[in-house]
Amino acid sequence: MGYIKMVETNLSKMLVHIPIFIVGVAFADSESLKRRPLDSIRELSIWWKIPINTILVAIFLTYGSYSGEGHCLTAYDEECPYWYYSSIFGYIPK
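Help me understand the overall build of the protein chain in this model?
Of the regular secondary structure elements, the protein chain holds 5 helices and 0 strands. When each of the 94 residues of the protein chain is scored for burial, the buried share is 6%. Long-range contacts, defined here as pairs at least 24 residues apart, represent 18% of the contacts in the protein chain between residues at least 6 apart. Carbon together with sulfur atoms contributes 68% to the accessible area of the protein chain, which is approximately 8400 Å² in total.

What follows is the structure in structure tokens.
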């Protein structure tokens, strides 16, 4: 509950990354199954992979370039609509 900021807690920086680690382990374990779920993505044609990878690169650059509070122009502005929608209405922490 503290990770999604519904309850104020003080977690170490390492504990905050545990949910992402668990998802990564689940993806890695799914590759050892007989019917691998990611094969459907691997078998797509190049014309489907180009837009998917373009979107992933845009997400990577967006979150990689974040360096502040997300205000539009000045410190007293509200949060930019871009950050509001790209963080799924503020649910995903920046």
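What follows picks up the thread again.
Quick question: what am I supposed to make of the pattern of salt bridges here?
Think of it this way: side chains of opposite charge can pair up when their charged atoms draw near. The full count for this structure, using the stated rule, is 4 salt bridges. One salt bridge connects Arg42 with Glu31, and the closest N-O pair in it is separated by 2.8 Å. With a gap of 11 residues between them, Arg42 in helix α3 (residues 39-42) and Glu31 in the loop between α2 (18-30) and α3 connect regions that are remote in the sequence. Between Asp39 and Arg42 there is a salt bridge, with its nearest N and O atoms 2.6 Å apart.

How do you make sense of the environment of Leu44 when you look at a structure like this?
As for its placement among the helices and strands, Leu44 is situated in the loop between α3 and α4 (46-64). If sequence neighbours within four positions are ignored, Leu44 has contacts with Lys49 and Ile52.

Quick question: what am I supposed to make of a nonpolar patch on the surface here?
A contiguous nonpolar patch, built from Leu15, Ile18, Phe21, Ile22 and Val25 and spanning about 450 Å² of accessible area, is present on the exposed surface. Looking at the nonpolar patch element by element, the count peaks at 4 residues for α2. Within the fold, Phe21 resides in helix α2. Judged by its relative accessible area of 58%, Phe21 falls in the exposed class.

Please explain the side chain of Ser30 as it appears in this structure.
Note that Ser30 resides in helix α2. Note on Ser30: relative accessible area 11%, which makes it buried.

It is not clear to me how the confidence of the model for the protein chain should be interpreted in this structure. Could you clarify?
As a note on interpretation, predicted positions should not be read in detail where pLDDT is low. When pLDDT is averaged along the protein chain, the result is 76, and 68% of the positions lie at 70 or above. Of all the helices and strands in the protein chain, helix α5 (residues 81-86) carries the lowest mean pLDDT, 72, while α2 carries the highest, 87.

The rules we used
Residues numbered from 1 in each chain as written. Predicted model: local features only at pLDDT ≥ 70, side-chain atom pairs only at ≥ 80, totals over all residues. Heavy atoms only, no water. Helix = DSSP H or I, 4+ residues; strand = E, 2+ residues; numbered from the N terminus. Buried < 20%, exposed > 50% of the residue type's maximum accessible area, 1.4 Å probe, protein only. Contact = heavy atoms within 4.5 Å. Areas by Shrake-Rupley, 256 points an atom, 1.4 Å probe, with all protein chains shown as cover. Salt bridge = Lys/Arg side-chain N within 4 Å of Asp/Glu carboxyl O. Patch = residues over 30% accessible without salt bridge, like charges linked within 9 Å, V, L, I, M, F, W, Y side chains within 5 Å. pLDDT = per-residue confidence, 0-100.

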